[in-house]
Amino acid sequence: MTEDNQFFKATSTEVPSQLTITFSCEHNEQLGAQLINLDKGEPDATFNPAYASIGRVLEGDNVARRCGVAVGDCIVAVNGEGFRRHALDCNEHQIKDLAPKVENVMPEEEENEDTKISRFRVLSGKEDGENYAELLKRIKDVKSAQDSENPLLISLERYGWDSRVNSWSRFLAARDKNIPEAMLMLQAHENWRDSVFPIDVSQTGLQNILKAKAISEVDTKQDGCPPTVCVNFSKIQALESSFLHEDVVSAFVVYTELLLSRASNPLSPKTCQFIDLSGTRITRGLNVGLLRKIYAVFEPNYPETLHKMVMYPVSRVVRQTSNVLLNFVNQKTREKFVITDDLTVVCKELGWNKNEVEECGGITQFMQEHQKDDDTLIFT
């Protein structure tokens, strides 16, 4: 890392990217994706600009895969006619064009001005389901016409995992569908995000943690298993005079942001957390004060993103007192905590291959094997 990029920015913003797909080459070809109906009057879709989004990209060679369509992409226009729930919440000139160089994608500069203007049309005042039905009908009518002068064009917008479009349902779930409480939580998070980012990763304490890999990413590439943020308390103990607790929290936030930004579904990004207590004395290694500070940032700002948090190795005696030690954790999150001294349990919960762990010589060596090096975070 150089001085030019020493500041780590939040990995998600409210500004979308856009993608317009044309079926000019083959009128009868299918998109190759399953849609989600967002026109059911459900509060989860409050901030979504569209009445339909991509729920799944089908396997095989299809338009969606060739064009880079992704889960969560919002269908906002068909042939230049907007099918929006609400107006664009940013300056249209801020929108980045996702267009890859493939034949089914129309670069923004090739769209006519009338199309660019009308695609921001907002539809409202109808009963639940009517706008979604009208969208599907419009797609069907254009395809049926098979007009070479007017091929089907589908315009999509892609929003980041932490934009309101994708995060609102998680905040809503965290507050048990209580809309006023969820809104307060979301607004507090946005204020926190504005005050914390960008993070100056060149700070000495934070660099000490990153270089020692006291906090790191472990990704074993197991299908269906989220990547893991690892907190190595043995290394933290060894460094404890050279950083502040706030530096540990910052490092934790950096890796959490990176992992969540790579999730395949922006509506439901997940990470695991592994608290490695190998080689520590539990009376010092547990360090409840530090865990409390990490939790105080994670719980209100990254709700519903934790898959599992595993602490290992923790003896049976200490496990019996864990509920008291971790009484600051709410019950919903506490149910995702696994505190154990059993390697089999660790591997099951984190999706790791136990045989591989043992072949590496143990947890520490296994993590060293799978730690992801990110030189962009190291300041020289």
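Structure: above.
Not measured: the values here are computed from a predicted model. (Residues numbered from 1 in each chain as written. Predicted model: local features only at pLDDT ≥ 70, side-chain atom pairs only at ≥ 80, totals over all residues. Heavy atoms only, no water.)

**Topic: the packing of aromatic side chains**
Phase 1: Scanning the model with the defined rule gives 10 aromatic pairs in all.
Phase 2: Aromatic pair W192 and F197: ring centres 5.8 Å apart, planes at 90°, arrangement edge-to-face.
Phase 3: Three or more aromatic residues link up through ring pairs in this structure, and these residues are F8, W161, W192, F197, F252, F298 and Y302.
Phase 4: The ring of F83 has R121 lying over it, and the distance from NZ or CZ to the ring centre is 5.1 Å. (Phe/Tyr/Trp six-rings, centres within 6.5 Å; stacked < 30°, edge-to-face > 60°. Lys NZ or Arg CZ within 6 Å of the ring centre and 35° of its normal.)

**Details of the layout of surface pockets**
Phase 1: By volume, the largest pocket is sized at about 350 Å³.
Phase 2: If you trace the largest pocket, you find 19 residues lining it, with R158, Y159, G160, W161 and S261 closest to the centre.
Phase 3: Classifying every residue of the lining of the largest pocket gives 9 nonpolar, 8 polar and 2 charged. (1 Å grid on protein atoms, 1.4 Å probe; cavity = no way out; pocket = protein on both sides within 12 Å on 5 of 7 lines; lining within 4 Å. Points joined across faces, edges and corners; volume = space filled by probe spheres on them. Nonpolar A, V, L, I, M, F, W, Y, C, P; charged D, E, K, R; others polar.)

**Some details on the pairing of strand β10 (residues 215–218)**
Phase 1: Going residue by residue along β10, you find I215 and E217 tucked away on one face and S216 and V218 tucked away on the opposite face as well.
Phase 2: For β10 and strand β11 (residues 228–232), the ladder comprises 4 bridges, and the chain directions are antiparallel. Across the sheet, residue E217 finds its bridge partner in β11, namely V229. (Buried < 20%, exposed > 50% of the residue type's maximum accessible area, 1.4 Å probe, protein only. Helix = DSSP H or I, 4+ residues; strand = E, 2+ residues; numbered from the N terminus. Pairing = 2+ DSSP bridges.)

**Overview of the sheet that holds β10**
Phase 1: Overall, mixed pairing links the 5 strands, which are arranged β10-β11-β12-β13-β14 in an open sheet. With partners counted over all chains shown, the strands left at the sheet margins are β10 and β14 (337–339), one partner each. Strand-to-strand twist in this sheet, taken as the mean axis angle between neighbours without regard to direction, amounts to 20°.
Phase 2: Pairing between strand β13 (residues 306–312) and β14: 3 bridges, direction parallel. Pairing of M311 across the sheet is with I339, part of β14.
Phase 3: Most of the contacts of helix α14 (residues 343–350) go to β13, to which it runs at about 160°, and overall it touches β11, β12 (271–276), β13 and β14. (Axes fitted to C-alpha atoms, helices over the stretch in contact; angles between N-to-C directions. Contact = heavy atoms within 4.5 Å.)

**Focus: empty space enclosed by the protein**
Phase 1: Counted by the stated rule, this structure contains 6 cavities of 30 Å³ or more.
Phase 2: In this structure, the largest cavity encloses a volume near 150 Å³.
Phase 3: Lining the largest cavity are 15 residues, with Q273, I294, Y295, M309 and F337 positioned closest to its centre.
Phase 4: Listed by contribution, the elements that provide at least two residues to the lining of the largest cavity are β12, α10 (288–301) and β13.
Phase 5: Top contributing element to the lining of the largest cavity by residue count: α10, with 4 residues.

**A closer look at the state of the cysteines**
Phase 1: For the structure shown, the criterion picks out 0 disulfides.
Phase 2: Not part of a disulfide, C272 finds its nearest cysteine sulfur in C225, a span of 7.2 Å. (Disulfide = S-S within 2.5 Å.)

**Digging into the pattern of salt bridges**
Phase 1: Summed over the entire model, instances satisfying the criterion amount to 17 salt bridges.
Phase 2: Ionic pairing is found between D73 and R158, a salt bridge with its closest N-O pair at 2.8 Å. On the criterion of sequence distance, the pair formed by D73 in the loop between α1 (63–67) and β5 (74–78) and R158 in strand β8 (residues 153–158) is long-range, its members being 85 residues apart.
Phase 3: Of the charged contacts, one joins E134 and K126 as a salt bridge, the two residues approaching to 2.3 Å between their closest N and O atoms.
Phase 4: Judged by relative accessible area, which is 27%, E134 ranks as partly exposed.
Phase 5: Looking at K126, the relative accessible area reads 38%, which means it is partly exposed.
Phase 6: Sharing partners across several salt bridges, the network here consists of E14, D162 and R193. (Salt bridge = Lys/Arg side-chain N within 4 Å of Asp/Glu carboxyl O.)

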